[in-house]
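# A structural walkthrough
The residues making up each chain are set out below.
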Amino acid sequence: SSSDNDQCYNLNHGSFMGQNVPKGERNWCWVDVKRRGCHSRLGFRETWEGMNNDAISAGSYSQTTFQPLLNPWLCDKIELGSPPPWSPQEWVAASDWFNKNVNVYVLNLKDNV
């Protein structure tokens, strides 16, 4: 709802990903779910439903039906984010391929420093 989005904006517009960002048409409750569920838990997997419940429990918003996935019963499964069991030989082959074929550049914008 509009009041939930206002509340989510007030909680998140000063965060790293939302600094100095005008409210506009952005869904700030979606920003909150990503901030609490993805960005604060790098390396740990959680379902979207779990992240949404965490945001609601934290008082971010009152929506209980916020669903970012079209078919959650099909794809909202923690095990789908698990890496395959690569063998040591496969890791070496992938690393060799990457080093031969990919150039990595890191760019920092003035606002990100």
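Below is a summary of the structure that appears in this document. Throughout this document, residue positions are counted from 1 along each chain, in the order its sequence is written. Reporting in this predicted model follows two pLDDT cut-offs: at least 70 for local features of residues, and 80 or more for side-chain atom pairs to be given and counted; totals over whole chains, interfaces and linings ignore these cut-offs and use all residues. Excluded from the side-chain calculation are hydrogens and water; included are all heavy atoms of the structure.

## A short note on a nonpolar patch on the surface
- Together, Trp97, Phe98, Val104 and Val106 make up a nonpolar patch on the protein surface, roughly 460 Å² of accessible area in all.
- Here a strand is any run of E in DSSP of at least two residues, a helix any run of H or I of at least four, and the numbering for each starts at the N terminus. Turning to its location among the elements, valine 106 is positioned in the segment after helix 5 (88-101). Patch construction takes residues with relative accessible area above 30% that form no salt bridge. Like charges are linked within 9 Å, and nonpolar side chains (Val, Leu, Ile, Met, Phe, Trp, Tyr) are linked within 5 Å. Residue exposure ignores everything except the shown protein chains as possible cover, and the areas themselves are Shrake-Rupley values with a 1.4 Å probe. When a carboxyl oxygen of Asp or Glu lies within 4 Å of a side-chain nitrogen of Lys or Arg, that pair is called a salt bridge.

## Overview of the state of the cysteines
- Sulfur atoms of two cysteines make up a disulfide when they are within 2.5 Å. Per the stated rule, a full pass over the model turns up 1 disulfide.
- Covalent S-S linkage joins cysteine 8 and cysteine 29, the inter-sulfur distance amounting to 2.3 Å. Given an S-S torsion of about 90°, the disulfide between cysteine 8 and cysteine 29 has right-handed geometry. Note that cysteine 8 is positioned in helix 1 (residues 2-12) and cysteine 29 in helix 2 (residues 28-37), a separation of 21 residues in sequence.

## Concerning the packing of aromatic side chains
- The rule is short: rings of Phe, Tyr and Trp, with Trp giving its six-membered ring, pair when the centres are within 6.5 Å, and they are stacked under 30 degrees, edge-to-face over 60, tilted in between. Under the counting rule described, the total for this entry stands at 1 aromatic pair.
- With a centroid separation of 5.0 Å and an interplanar angle of 80°, the aromatic rings of tyrosine 9 and tryptophan 28 are classed as edge-to-face. Here tyrosine 9 is found in helix 1, whereas its partner tryptophan 28 is found in helix 2, with 19 residues between them in sequence.
- When a residue's accessible area, from a 1.4 Å probe over protein chains only, is under 20% of the maximum for its type it is buried; when over 50% it is exposed; and in between it is partly exposed. Using a relative accessible area of 0% as the deciding quantity, one classes tryptophan 28 as buried.

## Some details on the nonpolar core
- By convention a nonpolar core is built from buried Ala, Val, Leu, Ile, Met, Phe, Trp, Tyr and Cys residues, the set being connected through side-chain atoms within 4.5 Å. In this structure, Cys8, Tyr9, Trp28, Cys29, Val31, Val33, Met51, Ala55 and Tyr61 together form the largest nonpolar core, which totals 9 residues.
- Secondary structure elements with two or more residues in this core: helix 1, helix 2 and helix 3 (48-57).
- No other element matches the 4 residues that helix 2 contributes to this core.

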